[in-house]
Amino acid sequence: MELYQGSLDVKAIFGRWLDEESESNYGAYIPFVGTIRAEDNIEALSFDIYEPVLQTWFNSWVKKAESKGAKVKMAHAIGDVPVHTSSYLSAVFSPKRRVALELIDEFVEDFKANAPIWKYDVIDGNRIYAEDRSTPMEGSGLLS
Amino acid sequence: MELYQGSLDVKAIFGRWLDEESESNYGAYIPFVGTIRAEDNIEALSFDIYEPVLQTWFNSWVKKAESKGAKVKMAHAIGDVPVHTSSYLSAVFSPKRRVALELIDEFVEDFKANAPIWKYDVIDGNRIYAEDRSTPMEGSGLLS
Amino acid sequence: MIKIEFLGPISVEPIEMEATSLQEVANRLQEIEAVSGWLDKCAVAVNDEMTNDLTKILKSGDRVSILPPVCGG
Amino acid sequence: MIKIEFLGPISVEPIEMEATSLQEVANRLQEIEAVSGWLDKCAVAVNDEMTNDLTKILKSGDRVSILPPVCGG
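Bear in mind that the values here come from a model prediction, so they are computed numbers and not experimental data.

Visitor: Describe the overall build of chain A, naming the residues involved and giving the relevant values.
Guide: Looking only at helices and strands, one finds three helices and seven strands in chain A. Relative to its length of 144 residues, chain A is compact, with a C-alpha radius of gyration of 16 Å against a globular reference of 15 Å. The principal-axis extent of the C-alpha atoms belonging to chain A is close to 50 × 40 × 25 Å. Each of the 144 residues in chain A was classed as buried or not, and the buried ones make up 55%. When the accessible area of chain A is evaluated, it comes to approximately 5,800 Å², of which 47% is carbon and sulfur surface. On chain A, the mean spot of the 15 positive side-chain charges and the mean spot of the 23 negative ones are 7 Å from each other.

As structure tokens, then:
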């Protein structure tokens, strides 16, 4: 798992991951690249991450992927990410395409629902929590 | 659609596709990289392609993707592709992640079933049709 | 004249024949030993367009392609 | 002493309190105006491990994290 201040260097990370697994005999490599869309007059999105819980979440996915003979990788931005640059890169490697296609879907969806990352719109330099696009994590409401 | 003699330069194509769509305001970019696995003592796989029908197949996917606000791209190798190098790269770009995740799955599966490409194992320099791993195209048996 | 071409692993040279429908082409190809074993698993294109229609009318100059089982990727 | 920390957009400084279970922490947080409105949509971690168990016993030095709705990617 890799965290970076600001936008990701997508080409560099994609290429390094390709090289890291070049001799691993995986037949399928499916990255997912998330890029900031220009909408609602935002200049950027901005991200807070709680790394200890994110690392635990990611480690559980490493194990889950291993049990299917696959591997997962992930990179995410911290702080401001201007529109048309990338905040998120994840990937699945697998010997088989079906496993890879199913795993990238589950991995990305679970990431959206349960990775401890908070998103803010940046408008006129102000950072506004994207509450309407955010999802309560599993087990929310325990203390209410 | 791009066809190349021999292995694909995956990093170059991935990066060029990223650049081509850098201002298109797509939020999700999902490539699928197919790499030749070392198995059954093969040195390489080799591919024949019937380009006119492949182009028609691909064009229908361009239209299908457009109808969902998305875009597809594809590159494939012709001839011999040594183990641990790549023969196939495809990608979906979409504003939304759900559309992209569903489309890359359908696109890759339909490609495997209906793209007019024939695969051969290369063993000791001989080219052996991979009949057991091949799928009759839709409508097969019409003349039997 | 209709031209029949065999794609991928079917190592048969193109054939020319007189025919006015795909049904006629089918009847002729079933009689050719090197070809008949392939037919039940092959798809068909006329002038590079895939077809499922055995009654399809052919005209002189048409090109029929025989496509065996595929495996791209 | 238990430390309670509020993550992401909840702009509340960490709180220290005596408590022996998450239920006690819940009771106390429900009384704090700047916090109570968040609780129904927040998940909870104890020492960086997510938990669903309100009866969980806490010991001095434990750290409770309050995690509001997320949106990575």
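That covers the picture; the talk isn't over yet.
Visitor: Tell me about unusual backbone geometry, and please be specific about residues and values.
Guide: Notably, A:Asp124 is not glycine yet its phi reads approximately 50°, a positive angle. Of note, B:Asn41 is a non-glycine position whose phi angle comes to about 60°, a positive value. By the element assignment, B:Asn41 lies in the loop between strand S2 (28-35) and strand S3 (44-49).

Visitor: Residue-level account of the interface of chain C and chain B, with values.
Guide: Often, the extent of an interface is quoted as the loss of accessible area upon association of its parts. Facing the 33 residues of chain C at the interface are 33 residues of chain B. When the two sides are added together, the surface that chain C and chain B hide from each other amounts to roughly 2,600 Å², 64% of it contributed by carbon and sulfur. Three residues, C:Val70, C:Cys71 and C:Gly73, lead the burial of chain C against chain B; their summed loss comes to 28% of the area buried on that side. Connecting chain C to chain B are one salt bridge.

Visitor: Tell me what's going on with the sheet that holds strand S2 (residues 15-17) of chain D, and back it up with residues and numbers.
Guide: For sheets, the rule is that strands pair by backbone hydrogen bonds, running either parallel or antiparallel. Residues and elements named next belong to chain D. Taken in spatial order, the five strands make up an open sheet running S2-S1-S5-S3-S4, and their pairing is mixed. The sheet is open, and its two edges are formed by S2 and strand S4 (49-51), each paired on a single side. Going across the sheet, the axis of each strand differs from the next one's by a mean of 30°, ignoring polarity. Bridge count for strand S1 (residues 2-6) against strand S5 (residues 63-67) is four bridges, and the pairing is parallel. Of the residues in S5, the one forming a bridge with Ile4 is Val64. Taken strand by strand, helix H1 (residues 22-29) contacts S1, S2, strand S3 (43-46), S4 and S5, and its axis lies near 125° from that of S2.

Visitor: Now, about the arrangement of the chains: what can you tell me, with residues and values included?
Guide: In this view chain A stays clear of chain C, with the nearest C-alpha atoms of the two still 10 Å from each other. Over all C-alpha pairs, chain B and chain D never come within contact, reaching a minimum spacing of 10 Å.

Visitor: If you had to explain the interface of chain D and chain A to someone new, which residues and values would you point to?
Guide: Of the residues lining the interface, 33 residues belong to chain D; the matching set on chain A comes to 33 residues. Summing both partners gives a buried area of about 2,600 Å² for chain D against chain A, and 64% of it is carried by carbon and sulfur. When the buried surface of chain D facing chain A is broken down by residue, D:Val70, D:Cys71 and D:Gly73 rank first, second and third, together holding 28% of it. If you look at where chain D meets chain A, you find one salt bridge. One salt bridge in this structure joins D:Lys41 and A:Glu131, with 3.0 Å as the shortest N-O distance. Scanning the region where chain D abuts chain A turns up 16 residue pairs in polar contact (both at pLDDT 80 or more). When residues of the side of chain D that touches chain A are traced back to their parent elements, those giving at least two are H1, S3, S4 and S5 of chain D. Split into classes, the residues belonging to the side of chain D that touches chain A amount to 20 nonpolar, seven polar and six charged.

Visitor: I'd like to hear about helix H1 (residues 22-29) of chain C, residue by residue, with values.
Guide: Residues and elements named next belong to chain C. Within the span of H1, buried status applies to Leu22, Val25, Ala26 and Leu29. Looking down the long axis of H1, one finds its buried residues gathered within 100° of arc, a one-sided arrangement. Lining the buried residues of H1 we find strand S1 (2-6), strand S2 (15-17), helix H2 (33-36), strand S3 (43-46), strand S4 (49-51) and strand S5 (63-67). If you check the start of H1, you find a side-chain oxygen 3.3 Å away from the backbone N of Gln23, and it comes from Ser21.

Visitor: With reference to specific residues and values, describe the side chain of D:Asp62.
Guide: All names here are of chain D. Structurally, Asp62 can be placed in the loop between S4 and S5. A relative accessible area of 5% places Asp62 in the buried class. Polar side-chain contacts of Asp62 include one of 3.0 Å to the side chain of Asn47. Excluding residues that lie within four positions of it along the chain, Asp62 makes contacts with Met1, Ile2, Lys3, Val46, Asn47 and Ile57.

Visitor: Can you break down the sheet that holds S4(C) residue by residue, with the values?
Guide: Residue and element names in this part refer to chain C. Taken together, five strands build an open sheet; the order of strands is S2-S1-S5-S3-S4 and the sheet is mixed. A single partner strand is all that each edge strand has here, and the edge strands are S2 and S4. Strand-to-strand twist across the sheet, computed as the mean angle between neighbouring axes with direction ignored, equals 30°. Against the sheet, H1 touches S1, S2, S3, S4 and S5, its axis set at about 125° to S2.

Visitor: I'd love a proper account of the pairing of strand S4 (residues 71-82) of chain A, names of residues and values included.
Guide: Residues and elements named next belong to chain A. Here strand S1 (residues 2-5) runs beside S4; their pairing, made up of four bridges, is parallel. Note that in S4 the partner of Leu3 across the bridge is His76. Pairing analysis gives four bridges linking strand S3 (residues 44-49) to S4, with the strands arranged antiparallel. Across the sheet, residue Ser46 finds its bridge partner in S4, namely Asp80. Summarising the sheet, S4 and strand S5 (residues 86-94) pair through six bridges and their orientation is antiparallel. The partner of Ala75 across the bridge, within S5, is Leu89.

Criteria and thresholds
- Residues numbered from 1 in each chain as written.
- Chains lettered and ligands numbered in written order.
- Predicted model: local features only at pLDDT ≥ 70, side-chain atom pairs only at ≥ 80, totals over all residues.
- Heavy atoms only, no water.
- Helix = DSSP H or I, 4+ residues; strand = E, 2+ residues; numbered from the N terminus.
- Rg over C-alpha atoms; globule rule 2.2 N^0.38 Å.
- Buried < 20%, exposed > 50% of the residue type's maximum accessible area, 1.4 Å probe, protein only.
- Areas by Shrake-Rupley, 256 points an atom, 1.4 Å probe, with all protein chains shown as cover.
- Lys, Arg positive; Asp, Glu negative; His and termini not counted.
- Charge placed at Lys NZ, Arg CZ, Asp CG, Glu CD.
- Contact = heavy atoms within 4.5 Å.
- Buried area = accessible area lost by both parts, 1.4 Å probe.
- Salt bridge = Lys/Arg side-chain N within 4 Å of Asp/Glu carboxyl O.
- Pairing = 2+ DSSP bridges.
- Axes fitted to C-alpha atoms, helices over the stretch in contact; angles between N-to-C directions.
- Polar contact = N/O pair within 3.5 Å; in protein donor to acceptor, adjacent residues only side chain to side chain.
- Nonpolar A, V, L, I, M, F, W, Y, C, P; charged D, E, K, R; others polar.
- Arc of directions from axis to C-beta.

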